Amino acid sequence: MAIEIKVPEMGESVTEATISAWTKKEGDAVKVDEVLAILETDKVSLEIPAPTSGVLKSITKKVGDVVHVRDIIGAIEEGAVASAPASSGTPAPKAETPSAQPNTGKVNEELPPAARKLIEENKLDASKITGTGRNGQITKEDVILYMEKGGASSAGTSKAAQTSPEIPKAVVVSANAGPRETVVPMTKLRQTIANRLVQAQHTAAILTTFNEVDMAPIMELRNKYKDKFKETHGVGLGFMSLFTKAAVAALKAFPAINAEIRGTDIVYKNYYDIGVAVGGPKGLVVPIVRNADLLSFAQIEQEIARLAGKVKDGKISLEDMEGGTFSISNGGVYGSMMSTPILNPPQSGILGMHNIVKRAVVVNDQIVIRPMMYLALSYDHRIVDGKEAVQFLVKIKEMVEDPTRLLFEV
């Protein structure tokens, strides 16, 4: 009996996705709930599990195809057993023989579009490329790394020499040169990010104000208690929980920055769902720490660690990223000295943290060396006045430079 494999519901307002990978091919045995395919929506990647055990009978939608909710993408023969290759009685070929064979077009079709295009353009043998993606799948980065290590010349040049010996020498710049241009279709996620960034620029009056903060007090506090904190709570004490708490306190003092414009109304939020920007394999995403004002420092650190783990594993869900009243982005982990973070609509503010650098500053009329960080607040000037934005950053600066304020909420 054939069981259809259908595209499931993908969340509110999400109706289509792109098939980014099949983990099985036709004729393979599958087990119930085993991942068969991976869909990429405009927000997250979704895994399609096998609805039953049996044999993958057919694949009707290939990698790169756009599918919609409830579309049939394949079928499983329930209860069937994958047939073993027939034996001819002749000795099995040596292990190294298959790797010497040229790659087939069918193998290339099962690769992600970006990786497949690079492999075909450079006439590479996919069997010689080590995959680091999900289930060992070859990614675009794997192909680029392979070519940088000389794989392009060993595979592509020898192939070209056999089929096109009359290629003009001027075309070959160097032994390790790849194509002059690589065209890769934008993913749904990247398209959505691009559209939202343009939307933010077109619909909000974005301004950015800056301040600097002396990180010495909070670093001393962290160094003093970080070992005991981890022993007690099972999670490291980072700066994000401290800045999240400081941001919540500042939002309570300046509620317009925790509000949004809805039509001709201003909607003030009486809850504090803080978005924390996390870098993942598919780009920067912003999962939400819900009700951050009700969480302890340890609970905030645990929640950030949980969400970051889901992003890293590619398992972040739509629910994890929906909503949010304010966002925090830490460009400092990548070495950023200063930036102007862009709003995440319909939010009215985003805090940008940057790297910590020892600088000479004046304290009590003395020049001293302090670990300093630049802070940036981008805000929607339609709803937030400049005075409020400046005072918001000053509030955060005061609480970070005197962490006891966080404890007493003053």
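Worth saying up front: this structure is predicted, and the values here are computed from it rather than measured. For every chain, the first residue of the written sequence is number 1, and numbering continues from 1 onward in sequence order. Confidence filtering applies because this is a predicted model: local features only for residues at pLDDT of at least 70, side-chain atom pairs given and counted only at 80 or more, and all residues used for totals across whole chains, interfaces and linings. Note that the side-chain values use all heavy atoms of the structure and ignore hydrogens as well as water.

Caption draft 1: How the structure looks around the packing of helix α8 (residues 239-253) against helix α9 (residues 297-312). Helix axes are fitted only over the stretch in contact, all axes being lines through C-alpha atoms; the angle between N-to-C directions runs from 0 to 180 degrees. Runs of H or I in DSSP of at least four residues are treated as helices and runs of E of at least two as strands, each being numbered from the N terminus. Two elements in contact, α8 and α9, have axes whose closest approach is 9 Å; the angle formed by their N-to-C orientations is 120°. In this structure, the crossing between α8 and α9 has a hand that is right-handed. Counted together, Phe 239, Met 240, Ser 241, Leu 242, Thr 244 and Lys 245 of α8 and Phe 297, Ile 300, Glu 301 and Ile 304 of α9 form the full contact between these two elements. Under the convention adopted here, Pro, Cys and the residues Ala, Val, Leu, Ile, Met, Phe, Trp and Tyr are nonpolar, Asp, Glu, Lys and Arg are charged, and Gly plus all remaining residues are polar. Residue classes in the contact of α8 with α9 are distributed as 6 nonpolar, 2 polar and 2 charged. Crossings are assigned a handedness: left-handed for a near helix turned anticlockwise from the far helix by less than a right angle, right-handed for a clockwise turn. Throughout, a residue-residue contact means that at least one pair of heavy atoms, one from each residue, lies within 4.5 Å.

Caption draft 2: Spotlight on a nonpolar patch on the surface. On the surface, Phe 210, Met 337 and Met 338 cluster together into a nonpolar patch covering about 290 Å² of accessible area. Its relative accessible area of 37% is what places Phe 210 among the partly exposed residues. Each patch is built from salt-bridge-free residues with over 30% relative accessible area, joining like charges within 9 Å and nonpolar side chains (Val, Leu, Ile, Met, Phe, Trp, Tyr) within 5 Å. Exposure was quantified through the Shrake-Rupley algorithm and a 1.4 Å probe, taking into account, for residues, occlusion by the shown protein chains and nothing else. Within this document, salt bridges are pairs made up of a side-chain nitrogen of Lys or Arg and a carboxyl oxygen of Asp or Glu, the two lying within 4 Å of each other. Think of it in three bands: with a 1.4 Å probe and only protein chains considered, a residue is buried below 20% of the maximum accessible area for its type, exposed above 50%, and partly exposed in between.

Caption draft 3: Representation of unusual backbone geometry in the model. Between Pro 345 and the following residue, Pro 346, the backbone shows a cis peptide bond with an omega angle of 5°. If you trace the backbone, Pro 346 turns up in the loop between β16 (326-330) and β17 (349-363). In this model, Arg 70 sits at a positive phi of 75°, which is unusual for a non-glycine residue. Looking at the secondary structure, you find Arg 70 in the loop between β7 (66-68) and β8 (72-78). Of note in the backbone geometry, Lys 123 takes a positive phi value of approximately 55° without being a glycine. Structurally, Lys 123 can be placed in the loop between α3 (113-121) and α4 (140-148). Judged by its relative accessible area of 42%, Lys 123 falls in the partly exposed class.

Nothing here speaks to function; it is geometry throughout.
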